[in-house]
Every structure is written in structure tokens, then in C-alpha cells.
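# Working through the structure, step by step
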Amino acid sequence: MPCTVVVGGFWGDEGKGKIISYLALKDKIDICVRTGSVNAAHTVIHKGKVLKLHLIPSGFVNENCRLLLGAGVNIHIPQLLKEIKETNTGNRLGIDPQCSIIEEKHTIQDRTSSHLKGVIGTTGWGVGPAIEERVRRTAKLAKDIPELKQYLTDVALEVNEVIEKGKKVLIEGVQGLYLSLFHGTYPYVTGRDTSASAVCSEAGVGPTRVDNVLIVFKAYVTRVGGGPLPNELPREEVIRRGWREISGTGRERRAAPFNYELAKRAVMINGATEAAITKLDIVFPECKNARSYEELSPRAKEFIQKIENEIGIPVTLIGVGPGALEIIDRRAK
Ligand code: IMP
Ligand code: MG
């Protein structure tokens, strides 16, 4: 366990927030490092409240867990300050001085440019334009922002020192492999690579320091925004199956059945060592109250076995309900 990277295997919204919050509590994670940017909200249920976190690491549910934002992160300052307040985590948050800043002009550009708003259908925060600014070498960085001064820390150094000491580090990837700028369905992608290697790079952790790559898949596939979705179901069928979801940006998610081929490729590109399957109870409602693998229905077990056969790695965690602890944990105890 010492250093685990968690990534999404499809188009985001696989349930990474839930899985990470479970691991933070169950495995007593010492440090949780978030990567990416505000576009991706991770949903965490904490003390009965549903939180949509765009920047604070999902490991915050463990009160002893240090929370870090890696140098690759783009920060939306008002959203970060709001989440610090909401989660009351200001005393254990560290921000890399080289995180870049999303400014108001980036948000406006994202929401008005025809190819971003109309064709790709971005989340509208301004992440893509902020990354453009960074690539032009004209971006504002966290170290330039007085409100962030109290949180600044050398994230790469902190994380590597903690890994060296054998403590437990979790690197929180965001979005999913098929939204990757390099490996996704270009041009219908986000502004960054979302694979495990890129996630480590954003945190400042080299590939030899990572022990596990946990890839998260939902029991069906969803996509929000433009771009191909193989075997996409008609809207009425999505509703009939109970798979209808509304995204954080208020848009209806498109849906398709679990895609074994895409899952297999995502495992390959991420170098994944284990997988989590979330929302099994949505596809197999009879599994809602199952608390062990043995209690799953024969149909559900067959589904999990088929996934394992196809992707070639074990399914170690299975989500059977929305709460952080509604998980079947098959890892060796
Ligand atoms: P952007 O990342 O906001 O530029 O959006 C680019 C594309 O990625 C759009 O299709 C978005 O809907 C999608 N996208 C970005 N982040 C997420 C996410 O966290 N979950 C699901 N879709 C996302
Ligand atoms: Mg999400």
C-alpha cells in the first residue's frame, strides 16, 4: 500500500471520490495528494452530507490525513476557499507554490468560445484556457497569490519524504483515461493527460516510487459532453435501466453498458494492478445490502468474474451503495 495511485478508467464519474474516501478511512492514509483541476468534482458522503469537491482531496474524511495539491493542479481561488471552509481543513492543507491559477478571463473564454462551449462541451470552469496560459509561460502561480501564502509547501519534497518513511500515500487522479489529452477521444478530451503516469508527474512522484495503481470503473459507462461513446443507449433505455445521472454541471450523462475492451486498454495504459467496480447495486439492485462477495447474486458474481477475466487484474473493491463504507473489500486482510 505505501504509495497508491487512483485513476478513472472511462470518462470520469466512475466514483473515485467514494473509493478514495473509503481507503483514507480504512487504510488510515497519511497523505492524500490531489491532481488535475476544478473541472472534476469528486463526490464524497461525509457525516451524512453529500460533498462535491473540486479541489480538496477526497481523503479529507480521515481527520489525520494531510491534504496536498500537487504542482500540476490549476486552482480556482474562490472555489478552493469555499471548500476549505466547507470541510474545515485549512490546518492540514498544503499547496505547491507552482500550482497555476484559473483567472476570471479563463472562465469567460471557456464559456464563450464556440469550439469549447459548443463542440466539446467543457465543464465551463476555464481549465483549458488556464492551461493554455501556463503553456505560454505567462500564468499566475500559487506563490504569487497572498491568500494562498499560508498553505504553500514543497509538495514533491513532502510526498517523497513521506514515501521514504514508509507511510501511506494516496495520489488522487481525476477524470478518466478516455478524457486524456493523449490517450482519449481527441479532440473531445480535457486539457491534460489523465493516465497514472501523468497523475504521478503532477504530484512530483517518480514511477519507481509507486506500489499500486488502482483503476476505478463504474458498472456501466457514462459520458457528459461531446464525443464518441461506443454502444451508447437511447435515452429511454438509460432511464428504464435506472442509469440516468445528472452531472455537476447540470447536464444529463449519456450512458452505455460496461465496455470490457475499453477497460482492458485502460488497465494497460495505466499499468493498473487492481480495479474497483462502483455502483454494482445500480445494475444488480438485489446486491444493495450485500456485505461480502459471497452475498452477491450469481449474476453479479458472473459479471465481476467476466471483468477479471477480460482485464487480467483482480477486482478488489466493489461499491454496493453510495456511502463511503458501502464497499465489499476483497483485499487480503
Ligand atoms: P474540460 O475538462 O472542462 O475542458 O472539459 C472537456 C471534456 O471533458 C468535456 O466533455 C467535459 O464534460 C469532460 N470532463 C471534464 N472533466 C470531467 C469530469 O470530471 N467528469 C466527467 N467529464 C469531465
Ligand atoms: Mg465527477
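Refer to the structure printed above.
Criteria and cut-off values
Residues numbered from 1 in each chain as written. Chains lettered and ligands numbered in written order. Predicted model: local features only at pLDDT ≥ 70, side-chain atom pairs only at ≥ 80, totals over all residues. Heavy atoms only, no water. Near = heavy atom within 4 Å. Polar contact = N/O pair within 3.5 Å; in protein donor to acceptor, adjacent residues only side chain to side chain. Areas by Shrake-Rupley, 256 points an atom, 1.4 Å probe, with all protein chains shown as cover. Nonpolar A, V, L, I, M, F, W, Y, C, P; charged D, E, K, R; others polar. Salt bridge = Lys/Arg side-chain N within 4 Å of Asp/Glu carboxyl O. Buried < 20%, exposed > 50% of the residue type's maximum accessible area, 1.4 Å probe, protein only. Helix = DSSP H or I, 4+ residues; strand = E, 2+ residues; numbered from the N terminus. Contact = heavy atoms within 4.5 Å. Patch = residues over 30% accessible without salt bridge, like charges linked within 9 Å, V, L, I, M, F, W, Y side chains within 5 Å. Donors = N, O, S within 2.8 Å, 3.2 Å for Na, K, Ca; no water. Axes fitted to C-alpha atoms, helices over the stretch in contact; angles between N-to-C directions. Parallel < 35°, antiparallel > 145°, perpendicular 65-115°, else oblique. Left-handed = near helix turned anticlockwise from the far one by under 90°. Phe/Tyr/Trp six-rings, centres within 6.5 Å; stacked < 30°, edge-to-face > 60°. Lys NZ or Arg CZ within 6 Å of the ring centre and 35° of its normal.

This part covers the site of ligand 1. If you check the shell around ligand 1, you find 15 residues, and the closest are Asn39, Thr123, Gln175, Thr190 and Val224. Between ligand 1 and the protein, one listed contact pairs an oxygen atom with a backbone N or O atom of Gly121 at 3.4 Å. One nitrogen or oxygen atom from the main chain of Val224 is found 2.9 Å from an oxygen atom belonging to ligand 1. Coverage of ligand 1 by the protein amounts to 96% of the 470 Å² it exposes when considered alone. Grouping the constituent residues of the shell around ligand 1 by class yields 6 nonpolar, 7 polar and 2 charged.

This part is about the pattern of salt bridges. A complete count under the given rule lists 22 salt bridges for this structure. The salt bridge partner of Lys16 is Glu14, with a shortest N-O separation of 2.5 Å. Accessibility classification places Lys16 together with Glu14 in one group, the buried group. Taking the shortest distance from any N to any O, the salt bridge between Glu133 and Lys105 comes out at 3.2 Å. In this pair, Glu133 is assigned in helix H5 (residues 127–135) and Lys105 in helix H3 (residues 104–112), connecting sequence segments 28 residues apart. Among the residues examined, Lys105 registers a relative accessible area of 44% and is labelled partly exposed. Because the salt bridges share partners, they merge into one network encompassing Asp13, Lys218, Glu245, Arg253 and Lys279.

Looking now at helix H7 (residues 196–203). A large share of H7 lies buried, amounting to 6 of its 8 residues. Lining the buried residues of H7 we find strand S1 (3–8), strand S2 (31–34), helix H6 (155–164), strand S9 (169–172), strand S10 (212–218) and helix H9 (260–270). One or two steps after H7, the chain reaches Gly204, where phi turns positive at roughly 85°.

What follows concerns a nonpolar patch on the surface. Together, Leu181, Phe182 and Tyr186 make up an exposed nonpolar region whose accessible area comes to about 370 Å². Structurally, the position occupied by Phe182 is in the loop between S9 and H7. Judged by relative accessible area, Phe182 falls into the exposed class, the value being 61%.

Protein-derived coordination of the magnesium ion (ligand 2) comes from Asp13 (OD) and Ala41 (O), at a distance range of 2.4 to 2.5 Å. In this pair, Asp13 is assigned in the loop between S1 and helix H1 (16–26) and Ala41 in the loop between S2 and strand S3 (42–46), connecting sequence segments 28 residues apart. For Asp13, a relative accessible area of 27% translates into the label partly exposed.

Once that is clear, we can look at the packing of H9 against helix H11 (residues 298–311). Two elements in contact, H9 and H11, have axes whose closest approach is 9 Å; the angle formed by their N-to-C orientations is 50°. As the angle between them shows, H9 and H11 are arranged oblique. Handedness of the crossing formed by H9 with H11: right-handed. Where H9 abuts H11, its residues Tyr260, Ala263, Lys264 and Val267 lie against Phe303, Lys306, Ile307, Glu310 and Ile311. Considering only residue class, the contact of H9 with H11 consists of 6 nonpolar, no polar and 3 charged.

Moving on to the packing of aromatic side chains. What the rule picks out here adds up to 8 aromatic pairs. With a centroid separation of 4.9 Å and 50° between ring planes, the pair formed by Phe10 and Phe217 is classed as tilted. Of the two residues, Phe10 sits in the loop between S1 and H1 while Phe217 sits in strand S10, which places them 207 residues apart along the sequence. Measuring from centroid to centroid gives 5.5 Å for Phe284 and Phe303, while their planes differ by 50°, and the two rings are tilted. With Phe284 in the loop between helix H10 (280–283) and H11 and Phe303 in helix H11, the pair connects residues that are 19 residues apart, well separated along the chain. Residue classification places Phe284 among the buried residues on the basis of a relative accessible area of 8%. Residue Phe303 is classed as buried on the basis of its relative accessible area of 11%. Put simply, the rings of Phe10, Phe217, Phe258, Tyr260, Phe284 and Phe303 touch in pairs and so form one group of aromatic residues. Here the basic side chain of Arg241 rests over the ring of Trp243, its NZ or CZ set 5.0 Å away from the ring centre.

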